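# Chain and residue survey
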Amino acid sequence: RKAVVELADQYNLGGYSKIGWPGVIVIEGEESDCMAYVDEIRSMRWQHLAVRGEEQLAVRDQDELEQARVLPNKMQELGDD
């Protein structure tokens, strides 16, 4: 759990995570950072990991990316309920 949040911080990604069964990770940030994050998560010992959806938005610069974000800027861990 801790690695999922810390890794998101390293890549400046925001979103939500719920570890367990069923689990979900939703991330938002630079496309290259998202792809690197997913690659690193896949290298961990997960029983199953599937990317179920992607959405790209063209932005001109980092400021526009920050304004376009709809998820929390830092990874938030969701509880079991």
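Going by the structure above, here's the rest.
Let me sum up the structure you'll find in this document. Remember, it's a predicted structure, so these values are computed and weren't measured experimentally.

## Regarding the environment of Ser32
Relative to the helices and strands, Ser32 is located in helix α2 (residues 31–43). For the pair formed by Ser32 and Tyr11, sequence separation is 21 residues and the distance between their alpha carbons is 9.3 Å.

## Quick look at helix α1 (residues 2–10)
Listing the buried residues of α1 in full gives Val4, Leu7 and Ala8. An end-on view of α1 places all buried positions within 105° of arc, on one side of the element. Of the exposed residues in α1, those oriented more than 90 degrees away from the buried face are Lys2 and Gln10. In this structure, the buried residues of α1 make contact with β1 (14–18), β2 (24–28), α2 and β3 (75–77). A positive phi of about 60° marks Asn12, the residue just after α1.

Thresholds applied
- Residues numbered from 1 in each chain as written.
- Predicted model: local features only at pLDDT ≥ 70, side-chain atom pairs only at ≥ 80, totals over all residues.
- Heavy atoms only, no water.
- Helix = DSSP H or I, 4+ residues; strand = E, 2+ residues; numbered from the N terminus.
- Buried < 20%, exposed > 50% of the residue type's maximum accessible area, 1.4 Å probe, protein only.
- Arc of directions from axis to C-beta.
- Contact = heavy atoms within 4.5 Å.

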